[in-house]
Every structure is written in structure tokens, then in C-alpha cells.
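# A look at the structure
As a plain string of letters, each chain reads:
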Amino acid sequence: MKAAVLREHNKPLEIEDVEVSKPSPREVLVRPVAAGVCHSDLHFMDGSYPYMLPTILGHESAGIVEEVGSDVTYVKKGDHVITCLSAFCGHCPKCLTGHLSICDEKNQAPIIRAPEQGPRLHQSGEAIHQFLNLSSFAELMLIHEHACVAIDKDMPLDRAAIIGCAVTTGAGAIFTACSVVPGETVAVIGCGGVGLATINAAKIAGAGKVIAIDPL
């Protein structure tokens, strides 16, 4: 498959041929249809956030399931899905008490592959590091089944893609961090993708007045 590979900071991504492994029992192969460029991706590109190189960036995406592993129950071939950068194990104390986003085992097998399984992404024997267990700047993504969520097929995938990061960040600020209640006034500074999601969530939460602040 073709993928945009980051090999050096502050250098353009290179379109290269990369091999993707076959799905293990709890993995899903997804063909991305749309992928957003989050500002976090840019921070990893310029080295502001360190990450293992080479890697394939991209974590805000939506696509169609191409193949599933033998034990996958979340999704099936042909499903439309959005990807999630907060994959979870489903059995640790955090998951069992409803705090899936802070799973104790999200950086362990089976969310990530054990060394003996080999990398999900590779090129001529060299491992290509998977970015946040996703790597959506590619023609295919091989991910754990808990890193995707099925959506209605009539939802445009270019809109659905931003749910995985921008929408959940903005809406999470309203519903979780701020716990906005009907009638409250909300000020949103910065009206990009996250800001617009925050504004929409504020209206859904019943804010009496929403003040949007932006240079443009």
C-alpha cells in the first residue's frame, strides 16, 4: 500500500510503499476514506512532541472495514467506522468502572502487538512505527477492534472523520470538563475544528448565550 511516512522532523512526508500485516484475531483492517490533519500531527512532524521514527501519522479518520480477525465482535466487513486514538482493553479496573479513555493497559498487548507477533506496518524488514495505534495517512490501517466504532452508512465519511479527535475534544470540554447546564453563558476562544465542535456542543447542552472569539 501507499503511505505518507515521516522519517525526519521538519521534513516533508514521503509517499512510500509500505507492507501491512494480516489481521490477528482481534484486529481490523480498515481502508480510510477521509483523514483530518490535526494540529497534533503537525507538532509530531516538527518534533515538538517526540515519537519513534519512522512512523505514519494520522489519527482523525473514517473508513470502511476491509477484513476482520477471527475473534472480532465490534465490527464486520463493510461497516463504516470512525477511528479512536483511545483504544481500550475492556477488562482492567479503569475499563470496568466506565473510564475507558484512561485504560491501564492501552499500551500493552493486545492493543499493541507483542514483539513475537511482528509489527503491523513494515517495509523491507524494517518496522514502521504505528502512530497512536492508528496511522491513518495510508491506504490501509490495521488496528485493534477497540480502536474503531461503527457508524451509520448514510453519514458522510469526510464529516465523520473529525469525530475521532476534534469533535470529541470540543464536546468533551462542554459535557465533561465544564459540565455546562442550560442557561449558562459559554465563551469559546478559537473557532477552528475543535472550537466549532465546542460551539455546537454548547448549544446542544442548552447554553443561553455562546460567545465565539476568533481572529477571523
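Anyway, here's the lowdown on the structure attached to this text. (Residues numbered from 1 in each chain as written. Predicted model: local features only at pLDDT ≥ 70, side-chain atom pairs only at ≥ 80, totals over all residues. Heavy atoms only, no water.)

## Observations regarding unusual backbone geometry
- P54 follows L53 through a cis peptide bond whose omega is -5 degrees.
- Of note in the backbone geometry, L132 takes a positive phi value of approximately 55 degrees without being a glycine.
- If you trace the backbone, L132 turns up in the loop between β10 (129–130) and β11 (141–144).
- Exposure remark for L132: the relative accessible area of 28% places this residue in the partly exposed category.
- The phi dihedral of S135 is positive, around 65 degrees, even though this residue is not glycine.
- As for its position among the elements, S135 is in the loop between β10 and β11.
- A residue is classified by how much of its surface remains accessible, and S135, at 1% relative accessible area, is buried. (Helix = DSSP H or I, 4+ residues; strand = E, 2+ residues; numbered from the N terminus. Buried < 20%, exposed > 50% of the residue type's maximum accessible area, 1.4 Å probe, protein only.)

## Observations regarding the sheet that holds strand β2 (residues 14–17)
- Pairing in this open sheet of 4 strands is mixed, and the strands run β2-β1-β5-β10 from one edge to the other. Two strands in the sheet have a free side with no partner beyond their single neighbour: β2 and β10.
- Relative to β10, strand β5 (residues 55–56) runs parallel, the two being bridged by 2 bridges. Looking at the pairing, I56 lines up with Q130 of β10. (Pairing = 2+ DSSP bridges.)

## Side note on the sheet that holds strand β12 (residues 148–151)
- Judged by pairing direction, the sheet is antiparallel, and its 5 strands sit side by side in the order β11-β4-β6-β7-β12 without closing on themselves. Two strands lie at the open edges of the sheet, namely β11 and β12, each paired on one side alone. Taken pair by pair, the neighbouring strands of this sheet meet at an average axis angle of 45 degrees, ignoring direction.
- As paired strands, strand β4 (residues 27–35) and strand β6 (residues 61–68) are joined by 7 bridges and run antiparallel to one another. Residue A34 lies in a different strand from β6, and its bridge partner there is A62. (Axes fitted to C-alpha atoms, helices over the stretch in contact; angles between N-to-C directions.)

## As for the packing of aromatic side chains
- Within the structure shown, the criterion is met by 5 aromatic pairs.
- Aromatic pair F44 and Y49: ring centres 5.2 Å apart, planes at 75 degrees, arrangement edge-to-face.
- Given the relative accessible area of 11%, F44 is considered buried.
- When the ring of F44 is compared with that of F131, the centres are 4.7 Å apart and the planes differ by 80 degrees; the resulting orientation is edge-to-face. Taken together, the positions of F44 in helix α1 (residues 39–46) and F131 in the loop between β10 and β11 put the pair 87 residues apart, joining distant regions of the chain. For the pair F44 and F131, one class covers both residues: buried.
- Among the aromatic side chains, those forming a connected cluster through ring pairs are F44, Y49, Y51 and F131. (Phe/Tyr/Trp six-rings, centres within 6.5 Å; stacked < 30°, edge-to-face > 60°.)

## Some words on the layout of surface pockets
- Roughly 460 Å³ of internal volume is contained in the largest pocket.
- Along the wall of the largest pocket there are 22 residues; nearest its centre are M52, I112, R113, Q130 and N133.
- For the lining of the largest pocket, the class distribution of residues is 13 nonpolar, 6 polar and 3 charged.
- Counted as a void, the second largest pocket has a volume near 340 Å³. (1 Å grid on protein atoms, 1.4 Å probe; cavity = no way out; pocket = protein on both sides within 12 Å on 5 of 7 lines; lining within 4 Å. Points joined across faces, edges and corners; volume = space filled by probe spheres on them. Nonpolar A, V, L, I, M, F, W, Y, C, P; charged D, E, K, R; others polar.)

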